[in-house]
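These are the residues of each chain, in order.
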Amino acid sequence: MAEVIIMPKLGFNMSEGKLVKWYKAEGDEVKKGENLFSIETDKTNMDIEATNDGTVRKLLIDEGDQIPVTLPIAIVATKDEDITAALEQALKDLGKDNAAENTATSLNKAEAAPASSSNHSAGLKNTNDYEVLVIGGGPGGYVAAIKAAQMGKKTAIVEKAHFGGTCLNVGCIPTKALLRSAEALNEVKESATFGVTGVDIANAKLDLKRVQERKKQVITQLVGGVQGLLKGNGVTLINGEGNLIDKNTLEAAGKKYTADYIIIATGSDVKNLPITISPKRQVLTSKEMLELSETPKTMTIIGGGVIGIEFAYFLASIGTKVTVIEFLDRILPMVDEEITAQVAANLVKMGITIHTGAKVTEITDQSVRFEKAGEVQEVEAEKVLMAVGRAPRLDGIPCEALGIKTERGAIVTDECLKTSVSNIYAIGDVNGKAMLAHTASMEGIVAVENICGHKSAMDYGKIPSAIYVQPEIASVGLTEAEAKAKYGQVKVGKFPLLANGKAKVAGEERGLVKVILEPKYGEIVGVHMYCIHATDMISEAVVAMKLEGTAEEVANAIHPHPTVSEVMHEAMHAATGKAIHFL
Ligand code: NAI
């Protein structure tokens, strides 16, 4: 009688295994006790023997596939037995949905069925090479690929440069590594305040070559970690530039790959201004800034957004004379106004010159020209940094030809991250919704959950943001002005850092925390922090808002003392009545 061989469960905690090698091919005779295939789990490697004599009629799984336990992987039968019925019965016995559909798909007797919502459809042979193919290995793409593999999908990811993408290689992580060095320098300069003696404070400075080396080490370790995670989860890594040929086919490094579902996660590129730039002048972007090996004497930064301000802070810390030119009437226009005012004042104290309401018109050999209040002004600068935003990267994605809808250069997606082509999803910067690494990662998870048949959606109203200057800036939800525009009257609770014991101990008492509540239920709709450790502490507000919490509920949760996190507790008290430790 036909025998359907399933992935054995070799241990109590084993949920899947990798098929390392087939010892038999289709059509081979096999004797009971002969090795049929070998598998690998996180704990062991083992050869699995045939339990009956017969002919290997069908191999359902490829070498290298990661398979959940109990998934059928081969059929051994006599030469004329009906293996379709045997497989269908086996799938039914195993409680799989769509047994008939999966049977047909596995035996290649029907058109490739769409990937079913069952996790266990993974690994069954299909006419496509993969069930999920991800283009781009940044924090959107690699998280999506890992999640897809974890949910049982046969997954591949294609990357043209380095896994980890912009964030890990030329964005968040390297910038933060540089800023950490600036912070260490600032600590040395302020060490006398803490009673440290014997330090040559006057000569303390950064050796940018050493700073760059440390940054590279951090990146190398993290990139290696991402590749290890992908491989460890059974994702196939493809190196090369991916070009989408049709809705199921991608070409990379001279080979074609097909997939049931495609996830576009190609990120973004630096935007440039359409202005006259002297050919003698090399205008830097954030990418080149990360390679600086000498401290510039003067730097003009065009754009007072997140990148502009983080670099302004870094450069001013290492001794560069910085000028920021911002088009709007304030820097960091996305941050709560009250906080922006304090940040701007502290940056000015560091020696940074800020021009707001200023439109850059030309970059000459020596200077940057801009219009402000109807007058043309000019600032001389050894170096110029362009930081006026980023644009979605669509190289290799012929949107129009494939029918993928775009708007202002970004791929249009619904709340499930699906594009106008039903098997193609787009996550991260390429959809232009919120250009942040953690948004991309969450979008990757939401996209994969939808591909696997689970209904989940992004909540773009509760995405935290973090800006790395000292003190740090972090926020989630509506600013006070946005909340007032939406709800009319709102309740606001504030707490200044100078009233917090741990901040005083740390010697960093600048800043405040601000909590905004909607008027009807007192639900938290915005939290804004400008203080030491803000970027770590904002998560508490994100969780509270995700759970639709009120300020009263957070105020009733005991916060440890002495910690800076008490400022959140106090701001919640302030929003519902009165702060305990501030008059
Ligand atoms: P951004 O959009 O944050 O800021 C660009 C700024 O340039 C805006 O304030 C804009 O008003 C200004 N601008 C535009 N045209 C101008 C002109 N002609 N003259 C003067 N100013 C002009 O873009 P940024 O800073 O380049 O960052 C790019 C992306 O990377 C953003 O989406 C940002 O969220 C993300 N990012 C996030 C980080 C973080 O969360 N810590 C760090 C770095 C980047």
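Residues numbered from 1 in each chain as written. Predicted model: local features only at pLDDT ≥ 70, side-chain atom pairs only at ≥ 80, totals over all residues. Heavy atoms only, no water.

**Here we look at the site of the ligand**
- Around the ligand, a shell composed of 25 residues is seen, among which Ile307, Glu310, Glu326, Gly389 and Ala466 lie nearest.
- Side-chain polar atom of Glu310 to a nitrogen atom of the ligand: 3.1 Å apart, as the coordinates give it.
- Interatomic distance of 3.1 Å between a backbone N/O atom of Phe327 and a nitrogen atom of the ligand.
- Secondary-structure elements contributing two or more residues to the shell around the ligand are α8 (306–317) and β21 (358–363).
- Here the shell around the ligand gets four residues from one element, more than from any other, and that element is α8.
- Of the residues assigned to the shell around the ligand, the class counts are 17 nonpolar, four polar and four charged.
- Here the shell around the ligand gathers at least three residues from each of two domains, domain 2 (130–269 + 391–460) and domain 3 (276–387). (Near = heavy atom within 4 Å. Polar contact = N/O pair within 3.5 Å; in protein donor to acceptor, adjacent residues only side chain to side chain. Helix = DSSP H or I, 4+ residues; strand = E, 2+ residues; numbered from the N terminus. Nonpolar A, V, L, I, M, F, W, Y, C, P; charged D, E, K, R; others polar. Domains from an automatic or database assignment.)

**Structural notes on the sheet that holds strand β30 (residues 472–477)**
- Strand order in this open sheet of five strands is β29-β30-β33-β32-β31, and the pairing throughout is antiparallel. What marks the edges here is a single partner per strand, and that holds for β29 (465–467) and β31 (491–496). Within this sheet the neighbouring strands show an average axis-to-axis angle of 10 degrees, counted without direction.
- For strand β32 (residues 512–517) and strand β33 (residues 524–531), the ladder comprises six bridges, and the chain directions are antiparallel. Each residue of the ladder has a partner; that of Leu512, found in β33, is Tyr530.
- Its contacts with the sheet put helix α9 (residues 337–349) on β30, β31, β32 and β33, and the angle it makes with β33 is roughly 10 degrees.
- Running at roughly 10 degrees to β32, helix α12 (residues 480–487) makes contact with β30, β31, β32 and β33 of the sheet. (Pairing = 2+ DSSP bridges. Axes fitted to C-alpha atoms, helices over the stretch in contact; angles between N-to-C directions. Contact = heavy atoms within 4.5 Å.)

**Quick word on the UniProt feature "active site" (unreviewed entry) in the protein chain**
- UniProt records the feature "active site" (unreviewed entry) at His561, using the numbering of this structure.
- Only 2.7 Å separates the side chain of His561 from the side chain of Glu566, close enough to count as a polar contact. (UniProt positions renumbered as here; feature names shortened; annotations may be inferred.)

**Topic: the nonpolar core**
- Core analysis: the biggest nonpolar cluster contains 38 residues, and Met289, Ile301, Phe314, Leu315, Val322, Val324 and Ile473 have the highest contact counts within it.
- Those elements giving two or more residues to this core turn out to be α5 (172–189), α6 (208–232), β18 (298–302), α8, β19 (321–325) and α9.
- Broken down by element, the residue count for this core peaks at seven residues, all from α8.
- Discounting chain neighbours no more than four positions away, the residues touching Val322 are Met299, Ile301, Ala312, Leu315, Ala316, Gly351, Ile352 and Thr353.
- Ranked by size, the runner-up nonpolar core spans 32 residues in total, among them Ile146, Val226, Ile427 and Ile451. (Core = buried A, V, L, I, M, F, W, Y, C linked by side-chain atoms within 4.5 Å. Buried < 20%, exposed > 50% of the residue type's maximum accessible area, 1.4 Å probe, protein only.)

**Here's the deal with the packing of α5 against α6**
- The contact between α5 and α6 brings their axes to 9 Å, and the two run at 140 degrees. When the axis of α5 is compared with that of α6, the two are oblique. Relative to α6, α5 is oriented so that their crossing is right-handed. Of the residues in α6, those touching α5 at Ile173, Pro174, Ala177, Leu178, Arg180 and Ser181 are Val211, Gln212, Arg214, Lys215, Val218, Ile219 and Leu222.
- Considering only residue class, the contact of α5 with α6 consists of eight nonpolar, two polar and three charged. (Parallel < 35°, antiparallel > 145°, perpendicular 65-115°, else oblique. Left-handed = near helix turned anticlockwise from the far one by under 90°.)

**Here we look at the UniProt feature "binding site: NAD(+)" (unreviewed entry) in the protein chain**
- Look at the UniProt record and you will see "binding site: NAD(+)" (unreviewed entry) annotated at Gly303, Gly304, Gly305, Val306, Ile307, Gly308, Ile309, Glu310, Glu326 and Gly389. A maximum C-alpha distance of 13.9 Å among these annotated residues, which run over 87 residues, shows that they cluster at one spot.
- Here Gly303 lies in the loop between β18 and α8.
- Apart from residues no more than four positions distant in its own chain, Gly303 is found in contact with Gly308, Val324, Ile325, Glu326, Ala387 and Val388.
- With respect to the secondary-structure elements, Ile307 resides in helix α8.
- For Ile307, a relative accessible area of 30% puts it in the partly exposed group.
- Residues in contact with Ile307, not counting those within four places in the same chain, are Ser286 and Ala387.

**Describing α8**
- Taking 1.5 Å per residue as the helical rise, α8 with its twelve residues ought to reach 16 Å, and the 17 Å between its terminal C-alpha atoms agrees with that figure.
- For α8, the tally of buried residues reaches ten of twelve residues, placing the bulk of the element in the interior.
- Among the residues of α8, those classed as buried are Gly308, Ile309, Glu310, Phe311, Ala312, Tyr313, Phe314, Leu315, Ala316 and Ser317.
- One or two steps after α8, the chain reaches Gly319, where phi turns positive at roughly 105 degrees. (Expected span 1.5 Å × (residues − 1).)

**Some remarks on a nonpolar patch on the surface**
- On the surface, Val188, Phe194, Val196 and Val199 cluster together to form a nonpolar patch covering roughly 310 Å² of accessible area.
- Of note, Phe194 is situated in the loop between α5 and α6. (Patch = residues over 30% accessible without salt bridge, like charges linked within 9 Å, V, L, I, M, F, W, Y side chains within 5 Å. Areas by Shrake-Rupley, 256 points an atom, 1.4 Å probe, with all protein chains shown as cover. Salt bridge = Lys/Arg side-chain N within 4 Å of Asp/Glu carboxyl O.)

**What to know about the packing of aromatic side chains**
- With the rule as written, the count across this model stands at three aromatic pairs.
- For the ring pair Trp22 and Phe37, a centre distance of 5.3 Å and an interplane angle of 65 degrees mean the geometry is edge-to-face. Of this pair, Trp22 sits in strand β2 (residues 16–22) while Phe37 sits in strand β4 (residues 35–40); the two residues are 15 residues apart in sequence, bridging distant segments of the chain. The same class applies to Trp22 as to Phe37, namely buried.
- Sitting over the ring of Tyr130, Lys154 keeps its end group 5.4 Å from the ring centre. (Phe/Tyr/Trp six-rings, centres within 6.5 Å; stacked < 30°, edge-to-face > 60°. Lys NZ or Arg CZ within 6 Å of the ring centre and 35° of its normal.)

**Remarks on the pattern of salt bridges**
- Applying the stated criterion to the full structure yields 20 salt bridges.
- Glu131 is the salt-bridge partner of Lys153, the closest N and O atoms lying 4.0 Å from each other. Taken together, the positions of Lys153 in the loop between α3 (141–150) and β10 (155–159) and Glu131 in strand β9 (residues 130–135) put the pair 22 residues apart, joining distant regions of the chain.
- You can call Lys153 buried: its relative accessible area is 5%.
- Here Lys280 and Asp365 are joined by a salt bridge, their closest N and O atoms 3.7 Å apart. Taken as a pair, Lys280 in the loop between β16 (276–277) and β17 (283–284) and Asp365 in the loop between β21 and β22 (367–372) lie far apart in primary sequence, 85 residues in all.
- Shared partners join several salt bridges into a network, and the residues in it are Asp336, Glu338, Glu480, Lys484, Lys494 and Lys514.

**Description of the environment of Glu190**
- Tracing the backbone through its elements, the reader meets Glu190 in the loop between α5 and α6.
- Through-space distance from the C-alpha of Glu190 to that of Asn450 is 52 Å; in sequence the pair is 260 residues apart.

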